[in-house]
Amino acid sequence: MDYKKSIPDTFAGISSLSKNDAQKEIGRIREAIIYHDRQYYIKNKPVISDSAYDRLFCRLEELEERFADLKSENSPTSRVGAEPVGSLKKRRHTVMMQSLQAALEEEKIRGFDSTIRNAAKRRTIEYMAEPKFDGLSVELVYTNGALEYAATRGNGGTGEDISNNVRTVKAIPLLLADEGTIPARLAVRGEILMTKKGFQELNRTRIAENREPFANPRNAAAGTIRQLDSRNVAGVPLDIYCYELLQTSGNEPATQEETFEFLSHLGLRVNPERKKCLSVDDIARFRETMAEKREQIDYDIDGIVVKVNDRPLRKKLGSRERNPRWAFAWKFPPGKEITRVYDILVQVGRTGILTPVALLEPVDIGGVTISRATLHNEDEVRRKDIRVGDNVRVERAGDVIPEVVGRVEEDGKKKRGAAFSMPEKCPSCGDTITREGAYHICPGGLSCRAQLEGRLRHFASRGACDIETLGDKTVSHLVKRNMVTNIADLFALSKDDFLSLPLYAEKSAATLYEQIQNAKCTPLDRFIYALGIRHVGEHIARVLARHFGSFDKLRNAKPEELLHIREIGEESARAVAEFFGDPRNNTSIDRMLDYGVKPEDAETKQAQKLAGTTIVLTGELDRYSRREAKQRIEALGGKAASSVSSKTDYCVAGKRPGSKLEVAKNIGVRILDENEFESLVH
Ligand code: IVH
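Keep in mind that this is a model prediction, so the values were computed, not measured.

A closer look at the overall build of the protein chain
- The helix and strand tally for the protein chain stands at 23 helices and 24 strands.
- Once the C-alpha set of the protein chain is aligned to its principal axes, its extents read approximately 95 × 85 × 65 Å.
- Across the 682 residues in the protein chain, those meeting the buried criterion constitute 48%.
- Within the protein chain, contacts between residues separated by at least 24 positions form 69% of all contacts whose residues are at least 6 apart in sequence.
- Within the protein chain, one finds 108 positive and 102 negative side-chain charges whose respective centroids are separated by 2 Å.

What follows is the structure in structure tokens.
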């Protein structure tokens, strides 16, 4: 029977099957399921009923259970999810996953078009206009037609490996289609998203299970796909649209138009909405059409993406900063709605800044329910004259926090509420609020509970102590359960403490515990940044680390010394002095040190023993790659030059040295062997 056409009501008994027959049948069923998945998920044209599909799937499960060695990672049955993991592995992307230049205004897109026409010296350029999906950008890599791995975009260079989770998404083929030739290696970029319908269903279930609903489909998709337990991903309605070819070992399509055909032939899902455009006017029409369709289509889009169609021309145009010159996101204007302010509360942020927040009668803006919006600061509230009970215009643009843009004047009969003013005491810790320009600040620092969640999240973030598995949910649980009332408490938690939190199992608890232990010796610059001192970003933290070398010296620095560091402005210097001058912060820091926190000392300027020294490397060293040797020289303030001159101080000669060694000898430069180099850089 051809399982691609119909499925029998019952199958032959398994016990009578030989392994050989089972293998053949498994092969036929897998092929048929892949075919039906493609018909259903990619082509939207199913040819068998859901119940017939389920029968076929069950048969495959039974066969694989009976003949366990015939199981395969690429079998459709592997889509139910794998064992949970402690953390997501890092993955370097095949090529940099860049981001897009973006704007709302038509002039910007006209500017983009004329820059390209000038650079390409062509009067007209063929563009491909596509929807800009509001989801999560991912890389999918196929080797010999089988999904090898999938990774999130991350910082563009490296993302997180989400292969286990992606394997459960039925819209993503585990094996590429057999139509045409399959390249030995293929890397594509696409957007994982959740349909609006799927999102509503998921939230209904979550609410029924007493779990926090997701704010919008993008968060739901991102939250799901970054889970540690892929069994929770299976069954969540995730979808994908592939839109960029990152790499192929086979023939490259010449245009974006052909790319879509190529991807679709391979069984990858591409979106049907796209238009080839020859002018900005054409592009504007496509944008208009998409804006009109936006409400009806079942996934969120936040604009259109315009791309040069011709791939060789893209290569010529290249990139600027982190964006390709050949693409542009023309976003939709932010959604706006009118609603009523029923209260104004004051929130205390991570660095102690007080922000007035309007609590609103819930209103739907672009598919997202908004019930609070920022009012920025007291001056803004006064300027806009917003009071409790007023009707206001609220705006939301993509990721941006919704904002109250203004008051809607009403007929004068109604009596209005009192004008807003900031409290004098911190609503969380009761400390007296201070003022800095437009800002009101709670000086409570590490001991103010309201600042705690934000501070913890920041403390654990990538550029800070990098406690990767300490996510927002865990932070929130730790604070709500009073398990952490001060950052220092983090270092006193045991593995069992994490096991008592929802969603933690042996392995994940052990991983988090281990990561926190590792964070005890975070490099000094990142530790300083992690403390979340106002006006101390990553750069200032590095300057401080280089200047002081050890945490102890920084902590005990006199305010005048801080004020005299050249690269540090007065504002930052004062903030640092105030931070370390506050006894409450010092109590927290002392506790951290008691728990064994010991930031790794930094190399200070004084310790830069190779400052002013120029070194040339030639030949191969046993203990260092060329790059490592260079990094070492530079870390100590030296210069690694590529050719020998009278300015060269040392020439380091490894195995099989090049002609540089001869030159160095001739002009009397001191030659070092690997051991001598080693003692120089230690
Ligand atoms: S192309 C180098 N096409 O928009 C250009 N991106 O930065 C690669 N996005 O994170 C991106 N829809 O996730 C491209 N049709 C589309 C897209 C798209 C959505 C996302 C992408 C990126 C963000 C902007």
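Some thoughts on the sheet that holds strand β4 (residues 136-143)
- A sheet is described by the order of its strands in space; here four strands give the open sequence β5-β4-β7-β8, paired in antiparallel fashion. Only two strands of the sheet have a single partner each, and these edge strands are β5 (146-152) and β8 (238-248). Averaged over all adjacent pairs, the angle separating strand axes in this sheet is 30 degrees, with direction ignored.
- With eight bridges connecting them, β4 and strand β7 (residues 185-194) associate as antiparallel partners. Bridging from a neighbouring strand, Y142 pairs with L186 of β7.
- Relative to the sheet, helix α6 (residues 217-225) contacts β4, β7 and β8, its axis offset from that of β7 by approximately 130 degrees.

Section: the pairing of strand β15 (residues 354-365)
- Across seven bridges, the pairing between strand β14 (residues 335-348) and β15 is antiparallel. Residue pairing in the sheet places I344 in a bridge with A358 of β15.
- Turn length for the β14-β15 hairpin, with the two strands adjacent in sequence and antiparallel, is five residues, and the turn residue G352 shows positive phi of about 90 degrees.
- Pairing between β15 and strand β16 (residues 368-374): six bridges, direction antiparallel. Residue pairing across strands places A358 opposite A373, the latter belonging to β16.

A look at the sheet that holds strand β22 (residues 639-641)
- Strand order across the open sheet formed by four strands is β22-β21-β23-β24, with parallel pairing between neighbours. Two strands in the sheet have a free side with no partner beyond their single neighbour: β22 and β24 (670-672). Taken pair by pair, the neighbouring strands of this sheet meet at an average axis angle of 35 degrees, ignoring direction.
- Inspection of the sheet shows strand β21 (residues 614-618) paired to strand β23 (residues 650-653) by four bridges, in the parallel sense. Within β23, the residue paired with L617 across the bridge is V652.

Digging into the site of the ligand
- Neighbouring the ligand are 15 residues; E130, F133, S137, E191 and K307 lie closest to it.
- Residue F133 places a main-chain N or O atom 3.0 Å away from a nitrogen atom belonging to the ligand.
- For the ligand, the accessible surface in isolation is 530 Å², of which the surrounding protein chains cover 90%.
- If you list the elements that add at least two residues to the shell around the ligand, you get β3 (127-133), β7, β8 and β10 (301-308).
- For the shell around the ligand, the element with the most residues is β3, which contributes four residues.
- Residues of the shell around the ligand, tallied by class, amount to six nonpolar, three polar and six charged.

Describing helix α11 (residues 449-460)
- Helix length check: α11, at twelve residues, gives a terminal C-alpha distance of 17 Å against a target of 16 Å (1.5 Å per residue), a fit within 8%.
- Across the twelve residues that make up α11, a large majority, nine, are buried.
- The set of residues buried in α11 consists of Q451, L452, E453, G454, R455, L456, H458, F459 and A460.
- In this structure, the buried residues of α11 make contact with β14, α12 (472-480), α15 (524-530), α19 (570-581) and α20 (583-594).

Some remarks on the nonpolar core
- In terms of nonpolar packing, the biggest core is built from 67 residues, with Y127, L140, V166, L186, I225, L238 and L268 touching the most fellow members.
- Broken down by element, the residue count for this core peaks at six residues, all from β8.
- Not counting residues up to four positions away in its chain, the partners in contact with Y127 are F112, D113, I116, K275, K276, C277, I283, V306, K307, V308 and N309.
- Membership of the second largest hydrophobic core comes to 54 residues, among which are C465, I487, L562 and I568.

Quick word on the packing of aromatic side chains
- All chains considered together, the criterion is met by 16 aromatic pairs.
- On the numbers, 4.7 Å between centres and 65 degrees between planes, the contact of Y40 with Y41 is edge-to-face.
- Arranged with centres 6.0 Å apart and planes meeting at 55 degrees, the rings of F133 and Y299 form a pair that is tilted. Of this pair, F133 sits in strand β3 while Y299 is found in the loop between α8 (280-293) and β10, placing the two residues 166 residues apart along the sequence.

With respect to the packing of α19 against α20
- At a closest axis distance of 5 Å, the pairing of α19 and α20 adopts a crossing angle of 70 degrees. It follows that α19 is roughly perpendicular to α20 by the angle criterion. Of the residues in α20, those in contact with F579, F580 and G581 of α19 are P583, N585, N586 and I589.
- Residues that form the contact of α19 with α20 fall into these classes: four nonpolar, three polar and no charged.

Focus on the pattern of salt bridges
- Following the criterion strictly, the structure yields 52 salt bridges and no others.
- A salt bridge links D281 to R110; the nearest nitrogen and oxygen atoms lie 2.9 Å apart. Of this pair, D281 sits in helix α8 while R110 sits in helix α3 (residues 106-120), and the two are 171 residues apart along the sequence.
- The exposure class of R110 is partly exposed, given its relative accessible area of 37%.
- With its nearest N and O atoms 2.7 Å apart, the salt bridge here joins E570 to R574. Residue E570 and its partner R574 are both found in helix α19; the two are separated by four residues, about one turn of the helix.
- A single salt-bridge network, built from bridges that share partners, covers E130, E244, K307 and R314.

Here we look at α20
- The first and last C-alpha atoms of α20 sit 16 Å apart over twelve residues, in line with the 16 Å expected at 1.5 Å per residue.
- For α20, every residue scored as buried is listed here: N585, N586, S588, I589 and M592. For α20, the buried positions fall inside an angular range of 160 degrees around the axis, keeping them on one side. Exposed and oriented more than 90 degrees from the buried face of α20 are P583 and D594.
- The inward-facing, buried residues of α20 contact α11, α15, α17 (551-555) and α19.
- One side-chain oxygen at the N-terminal end of α20 lies 2.8 Å from the backbone nitrogen of R584; it belongs to D582.
- Looking at the residues trailing α20, positive phi occurs at G596, about 100 degrees.

Side note on the environment of C448
- Of note, C448 is situated in the loop between β20 (439-441) and α11.
- The class of C448 is buried, set by a relative accessible area of 1%.
- Dropping the residues within four chain positions of it, C448 is found in contact with V348, C426, S428, C429 and C442.

About the criteria used
- Residues numbered from 1 in each chain as written.
- Predicted model: local features only at pLDDT ≥ 70, side-chain atom pairs only at ≥ 80, totals over all residues.
- Heavy atoms only, no water.
- Helix = DSSP H or I, 4+ residues; strand = E, 2+ residues; numbered from the N terminus.
- Buried < 20%, exposed > 50% of the residue type's maximum accessible area, 1.4 Å probe, protein only.
- Contact = heavy atoms within 4.5 Å.
- Lys, Arg positive; Asp, Glu negative; His and termini not counted.
- Charge placed at Lys NZ, Arg CZ, Asp CG, Glu CD.
- Pairing = 2+ DSSP bridges.
- Axes fitted to C-alpha atoms, helices over the stretch in contact; angles between N-to-C directions.
- Near = heavy atom within 4 Å.
- Polar contact = N/O pair within 3.5 Å; in protein donor to acceptor, adjacent residues only side chain to side chain.
- Areas by Shrake-Rupley, 256 points an atom, 1.4 Å probe, with all protein chains shown as cover.
- Nonpolar A, V, L, I, M, F, W, Y, C, P; charged D, E, K, R; others polar.
- Expected span 1.5 Å × (residues − 1).
- Core = buried A, V, L, I, M, F, W, Y, C linked by side-chain atoms within 4.5 Å.
- Phe/Tyr/Trp six-rings, centres within 6.5 Å; stacked < 30°, edge-to-face > 60°.
- Parallel < 35°, antiparallel > 145°, perpendicular 65-115°, else oblique.
- Salt bridge = Lys/Arg side-chain N within 4 Å of Asp/Glu carboxyl O.
- Arc of directions from axis to C-beta.

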